[in-house]
Every structure is written in structure tokens, then in C-alpha cells.
Amino acid sequence: MKGPTYSSVNRDVLAPLFTPNAAYMGALTAALAALAWGGYCWAQQLVHGLGVAGYRPPVFWGVYITTFVFWVGIGHAGTLISAVLFLTRSRWRTGIYRAAEAMTIFAVMTAALFPAIHVGRAWYAYFLFPYPNQRQLWVNFKSPLMWDVFAVSTYFTVSTVFFFIGLVPDMAAVRDSTRGYTQKLYAVMCLGWRGTDRQWRHYMAAYGFFAALATPLVLSVHSVVSWDFAMAQTPGWHSTIFPPYFVAGAIFSGCAMVITLMLPLTKIFKLEDYIHVWHFEHLAKLCLFTGGILTYAYGTEYFIAWYSDNIYEWGTFVDRVVGNYWWVFATMVFCNCLAPLPWYFKKVRTSYLWLFVISILINVGMWFERYNIIASSLSHSFDPAGWVYYVPTYIEWGIMLGSFGWFFTWFLLFVKIMPSVAIAEVKEMMRPPLKSDEEVAAK
Amino acid sequence: MSVSVPVEAAATVAPIKAVYKHLDCLVTGIDGLKRAGFRDIHVMTPFPRHEVEELIYEGEPSPVRWFTLMGGLFGATMAFTMTALMSANWPMIMPGGKPLVSIPPFIIITFEGTILWASMFTFAALLLLCRLPARGLPKEVEDPRFSNDHFGIVVERVGAHNAAQIKSILAHSGAIEVTGGGEDAAHGAHHG
């Protein structure tokens with residue numbers, strides 16, 4: 001069998017760049033249409049105020065915060081794959097890490113929109129950042145919302161720089177295969193990279209440190225996001241299990257999203273030489289592992305709520321199963337706990353169709369998990385007089401749809417502008433051409 | 001810089017460039033140049049190879065780590081100082097008897113600051129030490145093959161009387177192409 005060679009890696013990975021076909025334009029149009037609808041809905045909210053959302057006291061967190069947490073969670077797999085699997089020297093990382101990392105950045109960019117949308121008066125969004133006390137506002141560094149600003153912005157910055165560093169040698173490869181203005185543009189983007197011994201030496205050292213720095217970040221970001229809930233006393237939220245439970249859920253949903261994105265990418269751009277079913281199988285196993293943790297956490301949550309003998313806590317948990325949001329709970333349990341189980345069978349986790357279907361179910365389930373936590377806890381809190389049924393409006397659904405449009409627009413632009421498989425790293429994994437091999441073969 | 005030639009003989013010729021198809025030949029070439037005392041070289045590879053780094057830098061680690069450490073210390077100090085001073089500057093009494101400067105929640109921001117600045121310093125170190133955006137590299141390193149499927153060596157600041165020796169080392173190591181280094185530049189040595 002003749003595997004890929006160095007030059008075929010360049011050829012195959014660079015082939016999908018630049019020239020869009022009809023299917024691509026169709027996908028981009030759909031993404032832009034979703035984005036436009038989201039933009040329209042947000043404009044409605046900016047003009048008429050937050051009243052257009054389905055909020056009613058005491059529920060003031062709803063679809064926006066759910067979607068925020070959903071996208072931050074999606075953003076976890078990329079850095080997990082690129083950093084943690086780099087440090088553990090997992091060979092299956094090379095084919096998929098570039099697209100996974102791009103997904104991370106776009107997911108965090110999507111998540112970052114939601115605090116601004118959620119606060120209503122988006123033009124005051126800069127108040128989220130540590131403002132000088134001279135503005136007569138008190139910076140509460142003891143608030144998890146403040147930690148979140150630091151955690152998400154650090155995560156975004158570090159992931160983006162890590163992504164950019166990984167791209168530099170591959171941008172040089174694009175530069176060397178293009179002409180004219182395109183070439184000039186990539187020459188700037190790759191910072192004049194030439195792959196000299198000096199460049200590689202410091203590059204590899206820096207890359208290792210970036211991976212080492214990004215690893216604790218993966219664990220910290222969703223822990224901090226979970227504290228947005230766990231530090232509050234609301235029943236159903238105030239639990240020490242939240243950080244590990246959220247981190248496992250984030251990796252679970254992120255890996256599922258990588259499968260959802262990479263399967264069509266691999267098929268459409270004919271990258272099967274570099275992204276095999278073997279890669280997807282590993283992702284599926286990672287999902288099974290984190291999904292198992294998640295299922296266990298759901299169980300623990302219920303056990304502790306019952307064991308605590310706290311009527312408010314237990315009341316909320318019972319309400320989640322039998323109350324207004326029973327269907328949310330049922331969707332969550334079906335999609336997150338049961339749907340991935342067929343992946344225990346090799347036949348299922350090596351079938352492209354089932355990989356794709358189950359990964360989508362997981363994405364749906366993980367969105368509903370956050371919705372289950374937020375909507376059911378807030379609408380069924382301590383005081384029965386304050387129990388309400390929060391139903392999102394079309395504006396909220398529209399903005400959520402728009403967030404998918406925003407995410408997919410970026411991702412689609414990425415696959416046409418940047419190499420979606422890491423050229424240099426794929427080559428690193430191949431056996432280099434040796435004169436001695438050829439001499440042995442000749443004998 | 002360590003080319004051992006008398007000062008008066010240091011009339012330099014154009015850099016010599018060798019192109020390789022095989023990694024073992026490239027390593028032989030670097031080793032040959034090193035043994036003969038020519039260390040003013042650039043080695044281009046489409047992806048990192050540890051043998052090359054070992055051979056040229058003899059296991060000496062890149063100084064990037066010091067930047068990372070400094071960045072981490074700077075970030076930790078800065079983040080903690082910022083949270084502590086900003087809280088102390090606005091002495092609001094918290095219910096529940098929490099101290100103004102309470103260590104456990106401030107650790108979180110300190111941690112984020114540490115990671116952020118360690119990363120930023122590492123990035124700065126990368127640009128600084130790799131001399132990116134690249135400048136001062138000889139024209140000869142610019143070859144589209146070096147980001148594709150070939151390896152290359154460029155020897156800089158070659159004394160006119162050394163050119164022949166260098167080209168012979170490179171050609172005998174199995175380079176598919178050796179160019180530069182003065183008048184006979186047109187005839188690329190061909191081996192293998």
C-alpha cells in the first residue's frame with residue numbers, strides 16, 4: 001500500500017482552499033441567512049428592550065445564558081485535543097487538531113456575544129471588564145461573574161495565539177504554493193517563516209509551553225463557568241460537584257461537535273488519507289468516557305439532593321423530572337446518557353452515519369442540559385408564590401439560531417482560507433525518506 | 001562566525017545552498033560541515049526534526065522557558081496585586097464578614113493572570129528568538145520546496161577559499177543539488 005508522501009500532504013490539504021463550489025456556497029448562504037435572522041432578532045431586542053425575551057420574575061437567565069454555556073462548552077474540545085493530547089503524545093491528534101482548534105476559537109467567539117446580548121444594553125458591555133473605581137462602581141472580585149470574564153477572555157486569548165502559532169508553518173506552505181497577491185498575503189500571515197533550524201528550535205519549545213499552559217486552562221474555564229451557578233444559593237445550583245461535572249460535559253459536547261464538523265469536512269474535501277475512521281473512533285471513545293462521568297454526575301446530583309434532606313433542593317430536583325420542564329429533562333437524559341451507549345459497539349462507532357447521528361444527538365442533549373439547569377432551577381426556587389413557567393420567545397430562539405449562523409460562517413470561511421489539517425505535524429508523523437531505506441530496497 | 005579563516009582572507013562569496021531529498025543525507029551534510037568547522041549554517045526542514053536540533057544545538061534547551069517563567073511570575077504578581085489593591089481602594093463592607101482581600105477567590109484571578117502572561121511572554125519569546133517577522137535571512141533559504149518535501153542547508157559568509165571544500169562536503173553527503181559559492185555556481189554538483 002502506498003501511503004501519502006510529503007508532497008501529497010501539501011497537495012491534498014491545500015486543494016480545498018480558495019475555490020468554492022456550489023455546495024460550499026449553499027452552506028455559506030444558509031449560515032449567513034441564520035446569522036441575518038439572529039441579527040434581526042437582536043436588533044428587535046436593542047430597539048424594544050429585554051421585554052421581548054420571555055423573562056418573567058424571578059427568571060432572568062434563560063436561552064442566552066444557556067447558549068453561552070453551550071458554546072463555551074463546545075470550545076473545550078479543541079484545546080483539549082491540541083494541548084492535552086499533545087502533551088500525552090497521542091498520535092491520533094495530528095489529523096484533527098487544526099479544525100478542532102479553529103472550532104474552539106469560533107465557539108468562544110460565539111459565546112462571547114451572549115453576555116452582551118444577555119445584559120440588554122449591549123453598549124454598556126464594557127462594564128464587565130475591571131473598570132476603574134473612579135467610575136463609582138465597585139469591582140467585586142469575589143463574584144464568579146467577574147472570574148468568568150477573566151477566565152473566558154484568558155482562554156480566548158491563549159487559544160487564539162496557540163492556534164496562530166500552529167498555523168505559521170502551514171501558512172508558509174500556502175505561501176509557497178500560491179502566486180501574486182495571495183502569496184504576499186500569506187507571506188505576511190506566516191511572518192516570513194522559512195522553517196530554519198533556529199526557527200523550529202524555539203518554535204517547538206514555545207509550542208510545548210503553550211500546550212502546558214493551555215491544559216490547566218481547559219479544566220479551569222468550565223470550572224469557573226460552573227461557579228456562575230454553584231456559587232449562588234439557588235436550589236439545583238449550589239453544589240460542589242459542578243466544576244468536574246461541567247468540565248466533563250464540556251469535553252463531551254466539544255468532542256461530539258468535532259465529530260459533527262469533521263465528518264462532512266473529511267468527506268467533502270476528500271481528506272480520508274489524513275482523517276480516518278480511527279480518529280473518529282477515538283473521539284467517540286472520549287465521548288463515552290466523559291459521557292459516563294456525566295451520567296454518574298447526574299446520579300450523584302440526585303442522590304445528594306435526596307440525602308441532604310433539604311426540601312428546596314429535593315423539590316427542585318423532583319420538579320425537573322415531573323414539572324413543566326420534564327421534556328427538557330427527558331431529552332437531556334436520552335441524548336447524553338443513553339444515545340452514546342451504542343458507541344460501545346465497534347460496528348456503531350466505525351459507521352460514519354451513526355457517528356454523525358449520535359454526535360448531533362449529544363449536541364442537542366448538551367444544550368438541553370444547560371437549559372435544564374438554568375430554567376428549571378430559577379422558575380422553581382424557594383418561594384412557591386414565585387414559581388413561573390419561563391417560555392422563550394421567538395426572539396430568543398432567533399438569536400440562538402443566529403449564533404449557529406455566526407459560528408458556521410466563521411468555520412466555513414476558515415476551511416477555505418487556512419489549511420484545515422496541520423501539514424507540518426502530519427509530515428512529522430510519517431516515516432522520513434531515507435537513503436538507507438532506498439539502498440536496502442534496491443538490494 | 002566560527003569559520004576559522006584569517007581576517008585578510010575573509011573575502012566572502014555568495015552563500016552555498018544544498019537541497020536534499022533524504023533526511024539521513026541531510027544529517028550527514030550537517031555533521032560534515034560541523035566537523036570541518038563551518039557552523040554559520042541554516043538548515044531548512046518542512047517540519048521539526050529532533051536529529052537536526054540535536055546535531056546543531058547539542059541538546060542545549062531553548063531559552064524560551066525563561067520567558068515563560070518570567071511571564072508567569074509577572075502575571076501572578078500583577079493579577080493578585082490588581083485585585084487586592086482595587087478591593088482595598090474601595091473598602092466596601094461585605095456581609096458575612098469576608099475580608100476585603102480574601103485569598104481564595106483572588107487565587108482564581110491570579111491563576112488566570114499567570115496563564116495569560118506566561119502565554120504572552122512565551123509568544124513574545126517566540127517572535128524574538130525566531131526573529132519573526134523573519135528578516136536578515138539570506139535569499140537562498142527561500143525555496144518553496146523547503147515547505148514541501150525537501151530539506152536544505154545554506155552556508156553563509158563563506159570565504160572564497162573555503163567554497164570548494166564546503167561544496168564537496170555537501171555534494172558527498174548526498175545532496176541532490178548544490179549551488180552558490182562563487183563563479184562555478186552554475187554547475188550544481190550532482191550526486192545520487
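Residues numbered from 1 in each chain as written. Chains lettered and ligands numbered in written order. Predicted model: local features only at pLDDT ≥ 70, side-chain atom pairs only at ≥ 80, totals over all residues. Heavy atoms only, no water.

Draft legend 1. Fine view of the overall build of chain A. Across its full length, chain A holds 16 helices and zero strands. A globule of 443 residues ought to have a C-alpha radius of gyration of about 22 Å, and chain A, at 23 Å, matches this closely. A total of 443 residues make up chain A; the buried ones form 59% of that total. Of all intrachain contacts in chain A linking residues separated by at least 6 positions in sequence, the fraction that spans at least 24 positions is 81%. Accessible surface for chain A amounts to roughly 17,900 Å². Of this, 70% is attributable to carbon and sulfur atoms. Each charge class in chain A can be summarised by its mean position, and for the 29 positive and 22 negative side chains these summaries are 9 Å apart. (Helix = DSSP H or I, 4+ residues; strand = E, 2+ residues; numbered from the N terminus. Rg over C-alpha atoms; globule rule 2.2 N^0.38 Å. Buried < 20%, exposed > 50% of the residue type's maximum accessible area, 1.4 Å probe, protein only. Contact = heavy atoms within 4.5 Å. Areas by Shrake-Rupley, 256 points an atom, 1.4 Å probe, with all protein chains shown as cover. Lys, Arg positive; Asp, Glu negative; His and termini not counted. Charge placed at Lys NZ, Arg CZ, Asp CG, Glu CD.)

Draft legend 2. Spatial organisation of the domain arrangement of chain B. Domain boundaries in chain B define domain 1 (7–61 + 135–186) and domain 2 (64–129). A straight line from the C-alpha centre of domain 1 of chain B to that of domain 2 of chain B covers 46 Å. (Domains from an automatic or database assignment.)

Draft legend 3. Main features of the pattern of salt bridges. Overall, the coordinates contain 20 salt bridges over all chains when judged by the stated rule. The closest approach of N and O atoms between Arg431(A) and Asp437(A), which form a salt bridge, is 3.0 Å. On the basis of relative accessible area, Asp437(A) is assigned to the partly exposed category, the value being 31%. If you follow the salt bridges from partner to partner, you end up with Lys17(B), Asp143(B), Arg145(B) and Glu177(B) in one network. (Salt bridge = Lys/Arg side-chain N within 4 Å of Asp/Glu carboxyl O.)

Draft legend 4. Expanded view of the nonpolar core. Core analysis: the largest hydrophobic core is formed by 180 residues, its most contacted members being Trp343(A), Ile153(B) and Leu170(B). Among the domains, domain 1 (7–61 + 135–186) and domain 2 (64–129) of chain B are the pair contributing at least three residues each to this core. Non-local contacts of Leu170(B), meaning those with residues more than four positions away in its chain, are made with Ile16(B), Ala18(B), Tyr20(B), Leu33(B), Ile153(B), Val155(B), Ala175(B) and Val178(B). Counting residues in hydrophobic clusters, the runner-up holds twelve residues, among them Val139(A), Met146(A), Met86(B) and Ile108(B). (Core = buried A, V, L, I, M, F, W, Y, C linked by side-chain atoms within 4.5 Å.)

Draft legend 5. Here's a closer look at the packing of aromatic side chains. Residues and elements named next belong to chain A. Using the criterion set out here, one finds 59 aromatic pairs over all chains in the structure. Centre to centre, the rings of Tyr 312 and Phe 382 are 5.0 Å apart; their planes meet at 65°, and the pair counts as edge-to-face. Residue Tyr 312 is found in helix α10 (residues 311–322), and its partner Phe 382 is found in the loop between α13 (352–379) and α14 (394–417); the two are separated by 70 residues along the sequence. For the ring pair Tyr 371 and Tyr 390, a centre distance of 6.3 Å and an interplane angle of 40° mean the geometry is tilted. One end of the pair, Tyr 371, is in helix α13; the other, Tyr 390, is in the loop between α13 and α14, with 19 residues separating them in the sequence. Neither Tyr 371 nor Tyr 390 differs from the other in exposure class; each is buried. What links up through ring pairs into an aromatic cluster is the set Tyr 55, Phe 60, Tyr 64, Phe 114, Tyr 325, Trp 327, Trp 367, Phe 368, Tyr 371, Tyr 389, Tyr 390 and Trp 397. Sitting over the ring of Tyr 181, Lys 184 keeps its end group 6.0 Å from the ring centre. (Phe/Tyr/Trp six-rings, centres within 6.5 Å; stacked < 30°, edge-to-face > 60°. Lys NZ or Arg CZ within 6 Å of the ring centre and 35° of its normal.)

Draft legend 6. Highlighting α13(A). All names here are of chain A. With 28 residues, α13 should reach 40 Å at 1.5 Å per residue; the first-to-last C-alpha distance of 40 Å fits that figure. The sharpest bend along α13 reaches about 25° and sits at Tyr 371. In terms of burial, α13 is a largely internal element, 20 of the 28 residues being buried. (Expected span 1.5 Å × (residues − 1). Bend = angle between axes of the 7 residues up to and from the residue.)

Draft legend 7. Main features of the sheet that holds strand β2 (residues 16–20) of chain B. Residue and element names in this part refer to chain B. Taking strand neighbours across the sheet as the criterion, the four strands line up as β3-β4-β2-β6 in an open arrangement whose pairing is antiparallel. Every other strand in the sheet has two partners, leaving β3 (41–44) and β6 (177–180) as the edge strands with one partner each. Taken pair by pair, the neighbouring strands of this sheet meet at an average axis angle of 15°, ignoring direction. Taken together, the four bridges between β2 and β6 define a ladder with antiparallel strand orientation. Residue pairing in the sheet places Ala 18 in a bridge with Val 178 of β6. (Pairing = 2+ DSSP bridges. Axes fitted to C-alpha atoms, helices over the stretch in contact; angles between N-to-C directions.)

Draft legend 8. Structural context of the confidence of the model for chain B. On average, residues of chain B score 83 in pLDDT, and 88% of them are at 70 or above. Taken as a whole, residues 185–192 of chain B scores under 50 in pLDDT and shows 15 contacts with residues more than four places along the chain or in a different chain. (pLDDT = per-residue confidence, 0-100.)

Draft legend 9. The interface of chain B and chain A, seen in detail. Contacts between the two partners involve 68 residues from chain B and, on the opposite side, 56 residues from chain A. Roughly 5,700 Å² is buried in total at the junction of chain B and chain A, and carbon and sulfur atoms are behind 69% of that figure. Looking only at chain B, the three residues that lose the most surface to chain A are Pro48(B), Trp90(B) and Glu112(B), adding up to 11% of its buried area. Counting across the interface, chain B meets chain A through one salt bridge. Secondary-structure elements contributing two or more residues to the side of chain B that touches chain A are α1 (23–35), β3, α2 (50–57), α3 (64–89) and α4 (103–129) of chain B. Looking at the side of chain B that touches chain A, the element that brings in the most residues is α4(B), giving 16 residues. (Buried area = accessible area lost by both parts, 1.4 Å probe.)

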